[in-house]
Amino acid sequence: MTIGYAPGKVILFGEHAVVYGRPAIAVPVTQVQAQAEVEDAEKGQGITIVARDLGQTYKLNEAPPDDALRAIVVSTLRRIKVGLEHDLTITISSSIPVARGLGSGAAVSTAIVRALVGHFDKWLDSRAISDLVFETEKIHHGTPSGIDNTVIAFQKPVYFVRGERMEIFWVQHPFLLAIADTGVQSPTKVAVEDVRRGWEEDPVKYEGLFDDIGTIADMGRRAIEQGDIEAMGRLMDENQRLLRLLKVSSPELEGLIGAARQGGALGAKLSGAGRGGNMIALVTRETCSQVSMMLRLAGAKDVIVTEVS
Ligand code: MEV
C-alpha cells in the first residue's frame, strides 16, 4: 500500500483580488491533512474510489466526468503514463474541514497524485503536481487563481501572482496564527461568483479595491521578510476592511474577528473565500491561549494554532 499526504492552507493576504491578477500570500497548515491510500485490488475489479469521510464507494468508470476525484485519478495516471486498466483501490480521508477556506479540495487531489505517483514508482516535482491539481480545482471552483494548489504542492509560504509568478519567500521570525472555524460551510465557487458579479456591475470600484488588496499583499510580504509582526497585524486588519467592502465577510466571521482582537491578537481577518469558513488571528506566545479562549467563547467550532516558519 502507498500513502500520499497533503496539508491544508490559509491565505494571509490577497484572497479574491488574486483571481484578478493581484499578488497574494498563502502558507501551508500541517496540523490538518488529507490522506490517500492506493493498494492493488483483485484482478478484474478496476479502479475503486473510497471517499471515507463522505461514506461513498464507487467505481472510477461509473463516476460522471465532472467528478473531481475521478478527474484527478485519470489525469495523474495519464501524466505518469499508466493505463486505466489497473486494478486499484484508492481510499481518501481528510481532517481538513470541507468548504471552510483551508484548501480541502486541493489537498485531497494532491494526496491522490502523490499516492499514485509513489505506487507506480514514478516521480513528479511540485510544479507538475500543482499543475495537475489546478485542472481539478476548476471543477471545484470555476475560476481558481491557482494559489491553493501551489501552496499545498510546494508546502512552503508562497507569494503568488496568477499565471505569472510563484516565489517561496523567507520568513524572518516564525510567527503564530490562531485559525478559527465559524462552522459555516461556504463553497469558494459561490463567493468568487458573487465577487465577479460585483466587479461586472462596478468595475472601477472593484478594480480599486483589488489594487489596494494587492498593495497590502506586497507590504505583507515585506513585513514577514523583515519580521515586523506589528506591521503584519495592521495589514491583516486593513485587508479585512477591504474584504468587507467586497462583501465577503459575514456576521459569524466578524464575531470571531472582534473576539480575537479583544483577546489581544495583533490583527485578524477572514481567510479564503469568506462568507463563512475560517478566520485567522495573529498571536504571540503570550496572547495565544487568551485569544483561543475568546474565539471559543465567541462560538468558534474549532481553533488550531499553527507556527509559520
Ligand atoms: C480561495 O482559497 C481563495 C480565493 O482567492 C479563490 C482563488 O484564489 O482561487 C477566494
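Rules and cut-offs
Residues numbered from 1 in each chain as written. Predicted model: local features only at pLDDT ≥ 70, side-chain atom pairs only at ≥ 80, totals over all residues. Heavy atoms only, no water. Buried < 20%, exposed > 50% of the residue type's maximum accessible area, 1.4 Å probe, protein only. Helix = DSSP H or I, 4+ residues; strand = E, 2+ residues; numbered from the N terminus. Pairing = 2+ DSSP bridges. Core = buried A, V, L, I, M, F, W, Y, C linked by side-chain atoms within 4.5 Å. Domains from an automatic or database assignment. Contact = heavy atoms within 4.5 Å. Near = heavy atom within 4 Å. Polar contact = N/O pair within 3.5 Å; in protein donor to acceptor, adjacent residues only side chain to side chain. Areas by Shrake-Rupley, 256 points an atom, 1.4 Å probe, with all protein chains shown as cover. Nonpolar A, V, L, I, M, F, W, Y, C, P; charged D, E, K, R; others polar. Phe/Tyr/Trp six-rings, centres within 6.5 Å; stacked < 30°, edge-to-face > 60°. Axes fitted to C-alpha atoms, helices over the stretch in contact; angles between N-to-C directions.

Asker: Looking at this structure, I do not really get the pairing of strand E3 (residues 47–51). What am I missing?
Answerer: For a regular strand, side chains alternate in direction, first toward one face of the sheet and then toward the other. Burial analysis of E3 places five of its five residues in the buried class, which makes it a mostly covered element. Burial along E3 is two-sided: the residues Ile47, Ile49 and Ala51 and Thr48 and Val50 are all buried. Here E3 runs beside strand E5 (residues 88–94); their pairing, made up of five bridges, is parallel. When the sheet's bridge partners are listed, Ile49 is paired in E5 with Ile90. Here E3 runs beside strand E4 (residues 56–59); their pairing, made up of four bridges, is antiparallel. From the neighbouring strand, Val50 faces E4, where its bridge partner is Thr57. Between E3 and E4, which follow one another and run antiparallel, lie four residues, and Gly55 among them has a positive phi close to 65°.

Asker: Is there a simple way to explain the nonpolar core in this structure?
Answerer: Nonpolar side chains tend to gather and get buried jointly when the protein is soluble and globular. Of all hydrophobic cores here, the largest spans 104 residues; its most connected members are Leu177, Met279 and Leu295. Taken domain by domain, the makeup of this core includes at least three residues from each of domain 1 (2–168) and domain 2 (175–308). With sequence-adjacent residues up to four places away left out, Leu295 is seen in contact with Ala178, Ala180, Leu256, Ala260, Met279, Ala300 and Val303.

Asker: Got a minute to help me understand the site of the ligand in this structure?
Answerer: Lining the immediate environment of the ligand, one finds Lys9, Ile11, Glu15, His16, Val18, Val19, Pro144, Ser145, Ile147, Asp148, Val192 and Ala273. In the environment of the ligand, an oxygen atom lies 2.9 Å from a nitrogen or oxygen atom belonging to the backbone of His16. At 2.5 Å from an oxygen atom of the ligand is found a side-chain nitrogen or oxygen belonging to Ser145. Against a free-state accessible area of 290 Å², the protein chains account for coverage of 98% of the ligand. By residue class, the composition of the shell around the ligand is seven nonpolar, two polar and three charged.

Asker: Mind showing me how you'd approach the packing of aromatic side chains here?
Answerer: Under the counting rule described, the total for this entry stands at three aromatic pairs. Seen in terms of ring centroids, Tyr20 and Trp199 are 5.1 Å apart; in terms of plane orientation they differ by 55°. Their pairing is tilted. Of the two residues, Tyr20 is situated in the loop between strand E1 (2–13) and strand E2 (24–40) and Trp199 in helix H5 (residues 188–201); the sequence distance between them amounts to 179 residues. Relative to Phe210, the ring of Tyr20 has its centre 4.3 Å away and its plane inclined at 20°; by these criteria the two rings are stacked. With a gap of 190 residues between them, Tyr20 in the loop between E1 and E2 and Phe210 in helix H6 (residues 203–226) connect regions that are remote in the sequence. Residue Tyr20 is classed as buried on the basis of its relative accessible area, which comes to 13%. Connected via pairs of aromatic rings, a cluster forms that spans Tyr20, Trp199, Tyr206 and Phe210.

Asker: How do you make sense of the sheet that holds strand E8 (residues 175–181) when you look at a structure like this?
Answerer: Note: strands within a sheet are paired through backbone hydrogen bonds, in either parallel or antiparallel orientation. Strand order in the open sheet formed by four strands is E9-E10-E8-E11, and the pairing between neighbours is antiparallel. Every interior strand has two partners, whereas the edge strands, strand E9 (267–271) and strand E11 (302–308), have only one. If you compare each strand with its neighbour and ignore which way they point, the axes differ by 25° on average. For E9 and strand E10 (residues 278–283), the ladder comprises five bridges, and the chain directions are antiparallel. From the neighbouring strand, Gly267 faces E10, where its bridge partner is Leu282. Together, E8, E9 and E10 form the strand contacts of helix H8 (residues 251–262), whose direction differs from that of E9 by roughly 155°.

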